[in-house]
Amino acid sequence: MALLNAPIFLLCSERSGSNLIAKIFDAHPDVSAPGAAHLFKVMSECANRYAVSSDELRGAVLDLFDAKVSHWAIDEWTLTRRAALLTDLTHAGEMAAALYAAEARSGGKAHVFTKENSSFRYLPMLLTQSTRPRFLFMTRDPRDMAVSWVNGPVMRGGVLRAAERWNQDQTGYLQAKSELPAQTPVGMLRYEDLIVEPEAELRRVCDELELEFDPEMLRFSEKSRSAQSDAKRSAMWSNLDKPLLSGNSNKFLDELSDDAIAYIEAVNGPLMEVFGYESVRADKPPFGRFETLDALRADLALQEPYDKPAYQELPPEERARFENWSRLYATMRARPVHDPDVLLSQKR
């Protein structure tokens with residue numbers, strides 16, 4: 001039996017407004033959108049390293065839940081009570097869904113909204129746990145997404161990684177959308193439109209998702225319980241308890257070099273056109289100061305950061321949360337495959 005009733009699955013690149021839109025929906029009286037936990041993402045990659053229906057698999061899901069950076073209401077439950085949710089479950093996907101469903105019930109909400117990175121990669125796991133699933137795709141100008149990525153103290157890499165991730169995620173969304181049943185509710189939202197006309201855009205998207213718009217969504221910074229808690233847990237989420245920033249676009253014009261903009265547009269030009277983002281370099285050489293895209297990329301790679309000085313300026317408790325989660329994720333991925341023959345069944 002599917003554990004999620006009419007959930008809304010978000011497909012969105014990191015640093016593209018994914019946390020913002022989650023908190024907006026979390027303010028809806030019928031929707032629970034807890035902070036990022038990456039339960040489906042990580043378990044879609046690692047479930048085949050554990051025996052089906054084993055205590056070890058259940059323990060891995062619970063460990064992953066406990067290591068998340070965000071705060072959920074069911075964090076206040078005892079471990080025994082959370083573990084009881086998984087006792088009779090077999091597969092990793094249903095265990096993740098059970099935790100999401102419990103969080104929704106704890107707030108008296110009927111539906112779950114998930115914010116998990118690159119969700120198109122594990123749609124089968126999500127769909128198996130859902131009755132009448134709905135999808136919201138949100139995109140952002142890749143040049144501004146890159147600015148946010150570069151400025152994010154916990155984000156590995158810079159312009160190159162941001163541009164390539166944006167391309168992968170938008171391509172993955174379009175592919176996933178083409179494969180969904182025709183009757184599946186799908187909403188489409190651009191970050192820039194949301195911050196300029198929030199009510200009109202939210203009314204439209206809610207209609208596409210067959211969800212009644214509620215004015216409380218516009219007061220997400222006050223009404224979303226997870227916005228209040230998560231804003232204090234990470235510098236990456238510090239604006240979640242504040243109203244929408246209506247002027248938060250086109251920052252790339254001041255913060256990115258012409259070479260960086262050239263690279264993003266060269267890599268993503270056709271997709272940018274699909275989503276209505278125009279080039280600002282139409283009359284300039286396509287690869288900035290360089291003759292080829294490879295030469296441009298090689299130069300930008302010399303500036304691509306791995307660790308960022310701003311990371312060391314974060315509060316120690318915040319760094320500890322990120323590092324603890326990263327260690328656990330690395331440990332899970334390093335485990336040997338339990339049995340290749342059960343890979344497909346584990347991903348249900």
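Residues numbered from 1 in each chain as written. Predicted model: local features only at pLDDT ≥ 70, side-chain atom pairs only at ≥ 80, totals over all residues. Heavy atoms only, no water.

Chemist: Looking at this structure, how should I read the layout of surface pockets?
Modeler: Roughly 1,200 Å³ of internal volume is contained in the largest pocket. Taken together, 40 residues form the lining of the largest pocket, with Glu-14, His-38, Asn-117, Trp-325 and Tyr-329 sitting closest to its centre. Residue assignment for the lining of the largest pocket shows that the elements contributing at least two residues are helix H1 (18-26), helix H2 (39-46), helix H6 (123-128), helix H8 (159-179) and helix H17 (316-334). No other element matches the six residues that H17 contributes to the lining of the largest pocket. Of the residues in the lining of the largest pocket, the class split is 17 nonpolar, eight polar and 15 charged. Within the residue set of the lining of the second largest pocket, elements represented by two or more residues are H1, helix H7 (142-151) and helix H9 (191-196). Among the elements that take part in the lining of the second largest pocket, H7 stands out by supplying four residues, more than any other. The residue makeup of the lining of the second largest pocket, split by class, is 13 nonpolar, 10 polar and five charged. (1 Å grid on protein atoms, 1.4 Å probe; cavity = no way out; pocket = protein on both sides within 12 Å on 5 of 7 lines; lining within 4 Å. Points joined across faces, edges and corners; volume = space filled by probe spheres on them. Helix = DSSP H or I, 4+ residues; strand = E, 2+ residues; numbered from the N terminus. Nonpolar A, V, L, I, M, F, W, Y, C, P; charged D, E, K, R; others polar.)

Chemist: Any chance you could explain the sheet that holds strand E6 (residues 134-139) here in plain terms?
Modeler: Whenever strands of a sheet pair, they do so through backbone hydrogen bonds, lying parallel or antiparallel. Ordered by their spatial adjacency, five strands build an open sheet running E3-E4-E2-E6-E7, and the pairing between neighbours is parallel. Looking at which strands have only one partner, the edges of the open sheet turn out to be strand E3 (31-32) and strand E7 (186-190). Two elements, strand E2 (residues 8-12) and strand E4 (residues 111-114), share two bridges in a ladder whose sense is parallel. Looking across to E4, one finds that Ile-8 is bridged to Phe-113. (Pairing = 2+ DSSP bridges.)

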